[in-house]
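Given next are the chains, with one letter for each unit.
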Amino acid sequence: MTSYALLGWVLLGLLLQFDCILAWQDYKDYKVYELQPHDDSQLQLIRKWAQEHPDWDLLGSRRSHNDKGLRVLVAPNQAESLLKQLRAHRIEHQLLSDDLSLLVKAQREDNQRNKARFTLPLIDVLGAFYTHAEINEYLDSLPQRYPQRALVKHFGWSYERRPLKVLTITNGDGRANKPVIFIDAAMHAREWIAPSFALYIIQQLLDNYAENADLLKDYDWVIMPVVNADGYEFSHTDSRYWRKTRKPTWDPENIGTDLNRNFGYMWGLEDGASPDPSNETYQGEHAFDQPESQVVRDILLHYSDRLTFYLSLHSYGNYLLLPWGHTSSLPPNFDEMMQVADAGAMAILYATNGIYSYGSGYHLMYATSGDSTDYAVGVANVSVAITMELPAGGFMGFDPWVSHIEDIVTESWVGVRAMALEVIKLYQTEAQTNVN
Ligand SMILES: *[C@@H]1O[C@H](CO)[C@@H](O)[C@H](O)[C@H]1NC(C)=O
Ligand SMILES: *[C@@H]1O[C@H](CO)[C@@H](O)[C@H](O)[C@H]1NC(C)=O
Ligand SMILES: [Zn+2]
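Residues numbered from 1 in each chain as written. Chains lettered and ligands numbered in written order. Predicted model: local features only at pLDDT ≥ 70, side-chain atom pairs only at ≥ 80, totals over all residues. Heavy atoms only, no water.

A. Just the coordination of the zinc ion (ligand 3), in detail. Here the zinc ion (ligand 3) is held by the protein donor atoms His188 (ND1), Glu191 (OE), Glu191 (OE) and His314 (ND1), which lie 2.1 to 2.4 Å from it. One can describe the donor arrangement at the zinc ion (ligand 3) as irregular, given that its 4 donor atoms subtend angles of 57 to 146 degrees at the metal. In terms of primary sequence, the donors binding the zinc ion (ligand 3) are separated according to H-x2-E-x122-H. Summarising the burial analysis for this pair, histidine 188 and glutamate 191 share the class buried. (Donors = N, O, S within 2.8 Å, 3.2 Å for Na, K, Ca; no water. Tetrahedral: all angles 85-135°; square planar, octahedral: opposite > 155°, others 65-115°. Buried < 20%, exposed > 50% of the residue type's maximum accessible area, 1.4 Å probe, protein only.)

Laid out in structure tokens, this is it:
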């Protein structure tokens, strides 16, 4: 090896290391405080601060039944002013983390260590979190293993030109135009457990077919494990808690749009999304100005006359959110949707004691405008559309450790399986009954 080549290797090594160090600088010295408001007025006060200070990131606003208190994430230069307010109003608080980057770093290392044990395209869903590129490689390998049952379609490109792939799973009986169950995940980048769960569902339907044949007898399943490919990749490489897309906005200071506020049904209402690019729920300049929401729209419309059940996987909070998000009134077949959600929630309750809340998103959480389930019901005429907020994990709710994947996805599968069976029962058509 010439000395130049050696120098090259050394420089490359330094660069790689530098790259990692940079990634670990993510959230350097960011503080997390847990607040224990004593009454409603303290709670309201904290909520008001969160609105006035976009830099005070209010987490887990009592979203989950397991939340002990409210958590607030602040940049190092904001910590003093937050503490001043807390003391002034005698709000009980506790420092949970002095430097969030240490947690991000530890989790990154844990994931890398676990991942080193597997060779693509085979992956162990329970053994690590995978990148969009790795997930695509895995998807592409499935039609070779299941030529009669798995089909990968390339539905479009992300803003940064990543291929957006969708897997169709059938039972291979060759019957065309069965009704469809469509599942998507990772519309929000940081919600890593969602694509893991989508992969687990794929493996249940393909590798564990014997136990799940009833789910595929009269239905095809269409699964898109990563919608927000660019944001998801960015949350792996740069910023663990990134939520939005990576397409620049008109504001040079702010990148990214909230995909789940970008759908073209009741888009841009004042109450449920933000026109401000610095806001985490930025709706975009127009409905569907993001290539990734266009792809989900195209799938919903493509399967529109066969699509009975659309399930969008998010985290966290243990919610089954039904339309509408944009208004307090209820959609025409709300009762059927509640019946499906009830079947899922009860199945989970009896399996693990996991508690889900279910109802219309507007009533249960907050108003949302331009979300995908409203579009699915409002425009694509999908019978049942549900946003599933998977259980919290880890420190911030979005960040379960690898060792928690199994518990979360096996519990969630009990719920999804029960919901799918309820849909199949509810919407049994003449055609299906005759085939028996
Ligand atoms: C972001 O937008 C939402 C919806 O309009 C609004 O309720 C919220 O207060 C905004 N957040 C901040 C930090 O401005
Ligand atoms: C949804 O239903 C309405 C009313 O029946 C119909 O006009 C519309 O074309 C349908 N949309 C799709 C995408 O099929
Ligand atoms: Zn989400």
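Additional details are given in the paragraphs that follow.
B. View of the site of ligand 1. Neighbouring ligand 1 are the residues Ala50, Gln51, Pro54, Glu270, Ala273, Ser274, Asn279 and Thr281. In isolation ligand 1 exposes 360 Å². Once the protein is present, 61% of that is buried. Class assignment for the residues of the shell around ligand 1 results in 3 nonpolar, 4 polar and 1 charged. Domain assignment of the residues forming the shell around ligand 1 places at least three in each of domain 1 (31–99) and domain 2 (120–434). (Near = heavy atom within 4 Å. Areas by Shrake-Rupley, 256 points an atom, 1.4 Å probe, with all protein chains shown as cover. Nonpolar A, V, L, I, M, F, W, Y, C, P; charged D, E, K, R; others polar. Domains from an automatic or database assignment.)

C. Region of interest: the packing of aromatic side chains. Counted according to the given criterion, the structure contains 13 aromatic pairs. Ring geometry for tyrosine 27 against tyrosine 241: centres 5.2 Å apart, planes inclined by 70 degrees, an arrangement best described as edge-to-face. With a gap of 214 residues between them, tyrosine 27 in the loop between α1 (3–24) and β1 (31–36) and tyrosine 241 in the loop between α8 (229–237) and α9 (291–302) connect regions that are remote in the sequence. Its relative accessible area of 14% is what places tyrosine 27 among the buried residues. Overall, the relative accessible area of 5% leaves tyrosine 241 in the buried class. Taking 5.2 Å as the distance between ring centres and 80 degrees as the angle between the ring planes, the aromatic pair formed by phenylalanine 234 and tryptophan 242 counts as edge-to-face. (Phe/Tyr/Trp six-rings, centres within 6.5 Å; stacked < 30°, edge-to-face > 60°. Helix = DSSP H or I, 4+ residues; strand = E, 2+ residues; numbered from the N terminus.)

D. Focus on unusual backbone geometry. Geometrically, the link from leucine 120 to proline 121 is a cis peptide bond, its omega value of 5 degrees lying close to zero. Its location among the elements puts proline 121 in the loop between α4 (100–115) and α5 (132–145). With phi around 65 degrees, arginine 161 is a residue other than glycine that occupies positive phi space. Its place among the elements puts arginine 161 in the loop between β5 (150–157) and β6 (163–169). Residue classification places arginine 161 among the exposed positions, given a relative accessible area of 55%.

E. Structural view of the pattern of salt bridges. Tallying each qualifying case throughout the model produces 23 salt bridges. Residue lysine 31 pairs with aspartate 98 through a salt bridge whose shortest N-O separation is 3.1 Å. On the criterion of sequence distance, the pair formed by lysine 31 in strand β1 and aspartate 98 in the loop between β4 (92–97) and α4 is long-range, its members being 67 residues apart. For aspartate 98, a relative accessible area of 46% corresponds to the partly exposed category. One network of salt bridges, in which partners are shared, links Asp173, Arg175, Lys178, Lys217 and Asp218. (Salt bridge = Lys/Arg side-chain N within 4 Å of Asp/Glu carboxyl O.)

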